[in-house]
Amino acid sequence: MASGSIIRGRKGALFEESYIEAHCGLKLKVDIAAMPDYARRLRRAQDWFEARGQKFVYVLAPIKTTWFPDLVPSSYPCAARRDSVYPAARGALTAAGIHWVDGRATLEAQRGKLGYEMFPRNG
């Protein structure tokens, strides 16, 4: 893992500590207030590619903590501030007119319907 800090969750699941901290709203890896500016920069990139006849699509993908919140260790107090980055990202991308795919919602819509999980237990 990138940070070198692995946390053992419930049922032996392994998580990178920074992802748990971000998921719980304890230490965010991104500045939510900066999302609109980031989305505007993405829009400039999108426009640049489209002016050249190319497609630009941004993909929001799930992370392990949002897919398996039941496996996050009980020692992390998450309930009140959980998952604040995802709705902010969706709103900023939409407001900026970014062509984006919600991979998280797509996977979530298929959860339990295929006979296998599209998001593997260990990420």
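Residues numbered from 1 in each chain as written. Predicted model: local features only at pLDDT ≥ 70, side-chain atom pairs only at ≥ 80, totals over all residues. Heavy atoms only, no water.

A. Focus on the side chain of E21. Its place among the elements puts E21 in helix 1 (residues 17-23). On the accessibility criterion, E21 (14% relative accessible area) is buried. Setting aside anything within four residues of it in sequence, one finds E21 in contact with L26, K27 and Y76. (Helix = DSSP H or I, 4+ residues; strand = E, 2+ residues; numbered from the N terminus. Buried < 20%, exposed > 50% of the residue type's maximum accessible area, 1.4 Å probe, protein only. Contact = heavy atoms within 4.5 Å.)

B. Fine view of the environment of F49. For F49, the position within the fold is in helix 2 (residues 35-51). The contacts of F49, once residues within four sequence positions are left out, are Q54 and F56.

C. Representation of the pattern of salt bridges in the model. Taken as a whole and judged by the stated rule, the model has 5 salt bridges. In this structure, D102 engages R90 in a salt bridge whose closest nitrogen and oxygen atoms are separated by 2.7 Å. One end of the pair, D102, is in strand 4 (residues 100-102); the other, R90, is in helix 4 (residues 85-96), with 12 residues separating them in the sequence. Under the relative-accessibility criterion, D102 is labelled buried at 11%. Here E108 ties to R111 by a salt bridge, and the two come within 2.8 Å at their closest N and O atoms. Take E108: its relative accessible area is 37%, and that puts it in the partly exposed class. Connected via shared salt-bridge partners are D37, R40 and R41. (Salt bridge = Lys/Arg side-chain N within 4 Å of Asp/Glu carboxyl O.)

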